[in-house]
Amino acid sequence: PMKIEKMLTEGKALVKQDDLETEVDLSLVQDPKVGDYVIIHAGYAIDLLDLEEAQERLKLFRAMEDSG
């Protein structure tokens with residue numbers, strides 16, 4: 001999950017997670033806003049997550065990193 005930090009022009013946004021920032025296309029998700037968490041695939045936001053779900057997924061990813 002990546003957090004929408006800034007809305008850009010032409011249906012795009014700047015998203016961030018930890019030290020990684022990237023620009024993504026938001027055309028596949030409905031009504032995205034700054035502060036929303038999104039799942040990214042191939043440069044597109046493909047799903048919106050609520051804060052609780054985003055935090056749970058990030059926790060799982062970090063646990064996987066720590067165990068590997």
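Everything here concerns the structure above.
Here the structure is a predicted model, which is why all the values come from computation and not from measurement. (Residues numbered from 1 in each chain as written. Predicted model: local features only at pLDDT ≥ 70, side-chain atom pairs only at ≥ 80, totals over all residues. Heavy atoms only, no water.)

Visitor: I keep staring at unusual backbone geometry and nothing clicks. Help me out?
Guide: Note: most residues except glycine have negative phi, and most peptide bonds are trans. One non-glycine residue, D18, adopts positive backbone phi at about 55 degrees. With respect to the element layout, D18 can be found in the loop between β2 (12–17) and β3 (20–25). Even without glycine at this site, D31 takes up a positive phi of about 55 degrees. When you line up the elements, D31 lands in the loop between β3 and β4 (37–41). Judged by its relative accessible area of 54%, D31 falls in the exposed class. (Helix = DSSP H or I, 4+ residues; strand = E, 2+ residues; numbered from the N terminus. Buried < 20%, exposed > 50% of the residue type's maximum accessible area, 1.4 Å probe, protein only.)

Visitor: What is the right way to read the side chain of D25 from this model?
Guide: You can see D25 is positioned in strand β3. In this structure, D25 is buried with no salt-bridge partner, the nearest side chain bearing the opposite charge being K12 at 5.2 Å. Here the side chain of D25 touches S27 through a polar contact of 2.5 Å, side chain to side chain. Leaving out residues up to four positions away in the same chain, D25 has contacts with G11, K12, G43, Y44 and A45. (Lys, Arg positive; Asp, Glu negative; His and termini not counted. Salt bridge = Lys/Arg side-chain N within 4 Å of Asp/Glu carboxyl O. Polar contact = N/O pair within 3.5 Å; in protein donor to acceptor, adjacent residues only side chain to side chain. Contact = heavy atoms within 4.5 Å.)

Visitor: What is the right way to look at the pattern of salt bridges in this model?
Guide: Oppositely charged side chains can form a pair if their charged atoms are brought close together. Taken as a whole and assessed by the stated rule, the structure comprises 5 salt bridges. A salt bridge links K33 to D31, with the nearest nitrogen and oxygen atoms 3.8 Å apart. Classification of K33 as partly exposed rests on a relative accessible area of 43%. In this structure, K33 engages D36 in a salt bridge whose closest nitrogen and oxygen atoms are separated by 3.9 Å. Linked through salt bridges whose partners overlap, the residues forming this network are D31, K33 and D36.

Visitor: Hey, could you run me through the nonpolar core in this one?
Guide: Looking at soluble globular proteins, one finds that nonpolar side chains tend to be buried together. Core analysis: the biggest nonpolar cluster contains 9 residues, these being M2, I4, A13, V15, V24, L26, V29, V38 and A45. Elements that contribute at least two residues to this core include exactly β1 (2–7) and β2. Apart from residues lying up to four places away in sequence, I4 is in contact with A13, L14, V15, L26, P32, K33, V34, G35, D36 and V38. (Core = buried A, V, L, I, M, F, W, Y, C linked by side-chain atoms within 4.5 Å.)

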